[in-house]
Amino acid sequence: MKKTIPKSAYFILLFLTFLFSKGAAQSAKGILIKGLIRNSNNEGIDASTIFLKDGSTGQVLKQTLSDPTGSFSFAASSGSYVISVSYTGTLVYQSEVLHVTDNMDLGIIKVDNNPRSLKEVVIQSSANKPLIRIEGRKMIYDIQKSITTQGNTALEALRKTPGVIVNQDNTVTLNGSSGALVLINGRQTYLQAEELASLLKSLPASDLKTIEVIRNPSAEYDAAGTGGIINLVLQKSIAEGFNGSINNGLAYGKTIKQNTNMNLNYRKGNLNLFGNYNHRFGHYAMDYDNDRTTNGMIYLNNSHDVDKQYNIGSTIGADYAIDTTRTIGIVVNGNLSSGGGVITPVTQIYDQASGQLLRTLRSESTYPEQIAKRYNANISYRYKGSNKTTFDLDADYGVFDAATDNLSTNSYYSPGGDFQSSNNFLVSNSRDIKLYALKGDYGFPLGKGKMTTGAKYSDVSADNVFNQFDANGSVNIIDVNLSNTFNFHEQISAGYVKYETILTGHLNLDAGLRLENTHSTGELQPRSGSNQDPTSVVRNYLNFFPTVGITYKTEHSETYNLSFARRIDRPAYNNLNPFSYPVDELSSWRGNPFLQPQYANTLALQYSHKNTTLLASYTHTSNLNGTITEITGENNTYTIPRNIGLRNNISLTLTQQLTLANWWNMSLTGIGYRIQNKVGTPDFGNFNRSRFAGTLNVQQGFKLPARITAEVAAVVNSKNISGLNTYVKSNSQIDLGLQKNVMKDKGTLKLAVTDLLWTNRINTDAQLNNLLLHTTFRGESRQLRLNFTYRFGNNKIKDKASRETGLQNESERF
């Protein structure tokens, strides 16, 4: 079928052309800001990086390099600015706010070009930095500034991030598009949704520095993630000497929960040592219904789930600066989740025509053992030369082991409550995942710009052992026809090239191409004596992923960015396992060995001016992956992933920072989008479903008497559609928080109530021919949380939080 470019693409290009011509006319009215960078010997410093930043928000507007004499200049318009200077990756100067109305000569700026002199630099206060800011293609959410996220997990922090929705199955959507890739410090975890959720539950939100959302990543990023990339950036102190913090908290929903997080850092000379420890103890309750109507029968199911797992995590690492241009580092971390759990489903079975109750199935799934262990080690080498030459090398090794035992008892009762029959079984499931990754990036000046190229190799192996036992007697007997071993091995070889250059004084271009070759093998091995046959599926495919971005900056601090990217979502290894996994007596889950990757092409136009950002995007997803429910046997159902068609998504996102009073500020993100699903299967036919939907995220901060700060945060999600033909009803959440610094600002006390009205629930409806499905899900989202943080260290240096924030803009650009 012939593909055509959507009309919206032409309108965007015409609009951008108009903006360029408009800005070019404005450029003639510019103001010049210039100066000289000199060291203590009055010598000009070559190739120092100078930033021109907005005086009210701190957002980087422009950057340049000093010439061999140390001189630099910026073309600007009237306004308030801050000039900062960075040398070999370290901030060495930052001005006060400059109020510019005419040409300004800053004269000689004396700095110490020794990068170890950071402790002598005066860093500006971060109090006025916005909660959400835009830098290039990134939306950066400053999670540390949110009171209501403290004492929570990284998974819950994701739910509060503007534009991000975490579903009940822990899949992540971004701006209405499924398939978002979650990174930690810029690196993949190589875990599927279930394992990733376990990891994020063991990572405290207080460990996070920022959450970066990148809708259209450039070529140096992995191509995985059709919805874009979400990068969790962890805290890391840059202050000299010894410092640290400890955070303890309690939470109450239906039961008491306790969390602790401790960070330590020691930096002396060329050596930096750091480490942390965290844990979360407590039980978490969930309630969900899975009702269905099919073939004249009605099944009304409700389940109560109590997760009794505890989570422990720890990190230790070191950085060593060989000289002013080279640094080596090592980081080792581990996470452990362990504990039991119990699910108690009750299913009432009715005759649809008469409405008569036929029988009741009472089940109980107990988890005497649930354990997940993850260990990861990273070794890195960084080189940053004064002539823009860079070289980065990363080697990663990771292990993820998980095991679950589930004893399921199923008893049928008559309408009068008399016992009829039972069937009990034990499921023992274990997963063993090993990963290796090696990545190198090399950047060098070329012409008026910079060329970056790199390569990456990753190797992931996953062994899944599934055993099901008949547990109706005194001895558990393995069922060889319902047990198997599934081994999956995936190797991805990638290379990319990217070029960034300044086309004119206001127009920048970055373009890149990434190649990724995927080779995978999935092998199903039945047990000896089974009536099942071995299955092996081998795949090898090469994909090209072009990216391009055009950025235009006007003299009035307006920025326009037009970008395009092609991305991929490969099937999770468990989704390729063709064997069935029982949920209860009437339903099961099974994988699909023929599942193919889905691909997405995204075109986006972004406009930014001071505290306002507007993003319009169009995404076309082909080979769309969706999980659907099908009927098997006598009205039993199974859930299976399939390639079900294509999706078109047009979205408009507005991010606005408002200062309503000197004691009241607001951050608002509104997303409106239209999803069109052209999907279908041979069993259920074709569907063409479309819907307008939206998300509103509002966070307000207040300065109250007695140096108390308050936060009110609200998230509202409208009705939307997902999968083959599923309608998701609207939901919302309101959080309240109070914060006060105590003990001469060394301590911080935070009190929060999350989901105050208990409205964060998920309700879905789907109809597929004669199958009608209704689900509801409500977790323990309404909680009262109390957290206390104590910071300690050398009192003669600025504390970790303020020092790190002072370098925030610079460090995130390197």
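In the block above lies the structure referred to throughout.
Bear in mind that the values here come from a model prediction, so they are computed numbers and not experimental data. (Residues numbered from 1 in each chain as written. Predicted model: local features only at pLDDT ≥ 70, side-chain atom pairs only at ≥ 80, totals over all residues. Heavy atoms only, no water.)

Is there a simple way to think about the overall build of the protein chain in this case?
If you tally the helices and strands in the protein chain, you get five helices and 48 strands. Counting only residues that meet the buried cut, the protein chain has 53% of its 814 residues in that class. Long-range contacts, defined here as pairs at least 24 residues apart, represent 66% of the contacts in the protein chain between residues at least 6 apart. In the form shown here, the protein chain has an accessible surface area of approximately 35400 Å², with 56% of it arising from carbon and sulfur atoms. (Helix = DSSP H or I, 4+ residues; strand = E, 2+ residues; numbered from the N terminus. Buried < 20%, exposed > 50% of the residue type's maximum accessible area, 1.4 Å probe, protein only. Contact = heavy atoms within 4.5 Å. Areas by Shrake-Rupley, 256 points an atom, 1.4 Å probe, with all protein chains shown as cover.)

What should I look at first to understand the nonpolar core in this one?
In a soluble, globular protein the nonpolar side chains are often hidden away together inside. The biggest cluster of nonpolar side chains holds 45 residues, and the ones touching the most others in it are Leu158, Leu200, Leu208, Ile211, Ile230 and Leu232. Not counting the four nearest positions on each side in its chain, Ile230 is found in contact with Leu158, Val164, Val172, Leu174, Ala180, Leu181, Val182, Leu183, Ile211 and Glu212. Core analysis: the second largest hydrophobic core is formed by 19 residues, Ile31, Phe72, Ile83 and Val85 among them. (Core = buried A, V, L, I, M, F, W, Y, C linked by side-chain atoms within 4.5 Å.)

How do you make sense of the sheet that holds strand β15 (residues 187-188) when you look at a structure like this?
Where strands meet in a sheet, backbone hydrogen bonds hold them as pairs that are either parallel or antiparallel. If you walk across this open sheet you meet the six strands as β9-β10-β16-β17-β14-β15, and the pairing is mixed. At either end of the open sheet lies a strand with only one pairing partner, and these are β9 (132-135) and β15. Sheet analysis places β9 next to strand β10 (residues 138-141), joined by four bridges and oriented antiparallel. Among the inter-strand pairings, Arg133 is bridged to a residue of β10, identified as Ile140. (Pairing = 2+ DSSP bridges.)

How should I be thinking about the packing of aromatic side chains in this particular structure?
Within the structure shown, the criterion is met by 13 aromatic pairs. With centroids separated by 5.9 Å and ring planes inclined at 40°, the aromatic side chains of Phe242 and Phe792 adopt a geometry described as tilted. With Phe242 in strand β18 (residues 241-252) and Phe792 in strand β48 (residues 783-793), this pair connects stretches of sequence that are 550 residues apart. Their ring planes at 75° and their centres at 5.9 Å tell us that Tyr413 and Phe419 sit as a pair that is edge-to-face. (Phe/Tyr/Trp six-rings, centres within 6.5 Å; stacked < 30°, edge-to-face > 60°.)

Got a minute to help me understand the sheet that holds strand β1 (residues 31-38) in this structure?
Taking strand neighbours across the sheet as the criterion, the three strands line up as β4-β1-β8 in an open arrangement whose pairing is mixed. Edge positions in the sheet fall to β4 (71-76) and β8 (104-110), since each has one partner strand and no second. Between one strand and the next, the sheet's axes are offset by a mean angle of 15°, whatever the strand orientation. Note that β1 and β4 share six bridges and pair antiparallel. By the bridge assignment, Lys34 is partnered in β4 with Ser73. (Axes fitted to C-alpha atoms, helices over the stretch in contact; angles between N-to-C directions.)

Is there a simple way to think about unusual backbone geometry in this case?
Glycine aside, a negative phi is what most residues show, and trans is what most peptide bonds show. The phi angle at Asn623 is positive, at roughly 55°, despite the residue not being glycine. With respect to the helices and strands, the residue Asn623 is situated in strand β37 (residues 612-632). Taking the relative accessible area as the measure of exposure, Asn623 reaches 33% and is therefore partly exposed. One non-glycine residue, Lys744, adopts positive backbone phi at about 55°. Within the element layout of this structure, Lys744 appears in the loop between β44 (731-742) and β45 (747-754). Using a relative accessible area of 82% as the deciding quantity, one classes Lys744 as exposed.

Can you walk me through a nonpolar patch on the surface in this structure?
A cluster of nonpolar side chains, namely Leu250, Tyr252, Ile256, Leu704, Leu738, Met743, Leu749, Leu751, Leu784, Leu786 and Phe788, defines an oily patch on the protein surface of about 980 Å² accessible area. At the level of secondary structure, the elements contributing two or more residues to the nonpolar patch comprise β18, β45 and β48. Here the nonpolar patch takes three residues from β48, the largest share from any one element. Looking at the element boundaries, Leu751 is found in strand β45. Overall, Leu751 belongs to the partly exposed group, its relative accessible area being 41%. (Patch = residues over 30% accessible without salt bridge, like charges linked within 9 Å, V, L, I, M, F, W, Y side chains within 5 Å. Salt bridge = Lys/Arg side-chain N within 4 Å of Asp/Glu carboxyl O.)

Quick question: what am I supposed to make of the pattern of salt bridges here?
Should their charged atoms come close, side chains of opposite charge can pair. Taken as a whole, this structure holds 19 salt bridges when the rule is applied. With a closest N to O distance of 3.0 Å, Arg514 and Asp222 form a salt bridge. Residue Arg514 is found in strand β31 (residues 507-526), and its partner Asp222 is found in the loop between β16 (208-214) and β17 (229-234); the two are separated by 292 residues along the sequence. Using a relative accessible area of 3% as the deciding quantity, one classes Arg514 as buried. Taking the shortest distance from any N to any O, the salt bridge between Asp765 and Lys729 comes out at 3.7 Å. On the criterion of sequence distance, the pair formed by Asp765 in strand β46 (residues 761-768) and Lys729 in the loop between β43 (726-728) and β44 is long-range, its members being 36 residues apart.

Would you mind going over the side chain of Asp305 with me for this structure?
Relative to the helices and strands, Asp305 resides in strand β22 (residues 297-307). Residue class for Asp305 comes out buried when judged on its relative accessible area of 12%. Look past the residues within four positions of Asp305 in its chain and what remains in contact with it is Tyr284, Ala285, Met286, Tyr288, Val342 and Ile343.

For this particular structure, what's the right way to read the environment of Phe51?
Mapped onto the elements of the fold, Phe51 is located in strand β2 (residues 49-54). Since its relative accessible area comes to 0%, Phe51 is described here as buried. Spatially, the C-alpha atoms of Phe51 and Gln94 are 9.3 Å apart, while their sequence positions differ by 43 residues.

Sorry if this is basic, but what is going on with the pairing of strand β25 (residues 357-384) here?
For a regular strand, side chains alternate in direction, first toward one face of the sheet and then toward the other. Sheet topology note: the strand β24 (residues 326-351)/β25 ladder contains 22 bridges and is antiparallel. Across the sheet, the residue bridging to Ser337 is Ala372, located in β25. Of the pairings in the sheet, the one linking β25 to strand β26 (residues 390-413) comprises 23 bridges and is antiparallel in character. Directly across from Asn378, in β26, lies its bridge partner Asp396. In textbook terms, the turn of a hairpin is the stretch between consecutive antiparallel strands, and for β25 and β26 this stretch comprises five residues, one of which, Lys388, has a positive phi near 75°.

Please explain the side chain of Arg539 as it appears in this structure.
Its location among the elements puts Arg539 in strand β32 (residues 535-553). With no salt bridge to any partner, buried Arg539 finds its closest opposite charge in Glu490, at an N-O distance of 7.8 Å. Excluding residues that lie within four positions of it along the chain, Arg539 makes contacts with Thr518, His519, Ser520, Pro571, Leu576, Pro593, Phe594, Leu595 and Gln596. (Lys, Arg positive; Asp, Glu negative; His and termini not counted.)

Honestly, the environment of Ala455 in this entry has me stumped. Any pointers?
Mapped onto the secondary structure, Ala455 falls in strand β28 (residues 449-470). Judged by its relative accessible area of 45%, Ala455 falls in the partly exposed class. Considering only alpha carbons, one finds Ala455 and Val497, 42 residues apart in sequence, at a separation of 9.1 Å. Excluding its chain neighbours within four sequence positions, the residues that come into contact with Ala455 are Leu438, Lys439, Gly440, Ala494 and Gly495.

I tried to follow the pairing of strand β27 (residues 419-446) on my own but got confused; where do I start?
Both β26 and β27 contribute to a ladder of 24 bridges, which runs antiparallel. Bridged to Phe400 within β27 is Ile433. A loop of five residues connects β26 with β27, the two strands running antiparallel in sequence, and Gly417 in this loop sits at a positive phi of about 95°. Here 22 bridges tie β27 to β28, and the two strands are oriented antiparallel to one another. Bridging from a neighbouring strand, Asp432 pairs with Asp463 of β28. Adjacent in sequence and paired antiparallel, β27 and β28 are bridged by two residues, among which Gly447 carries a positive phi angle near 65°.

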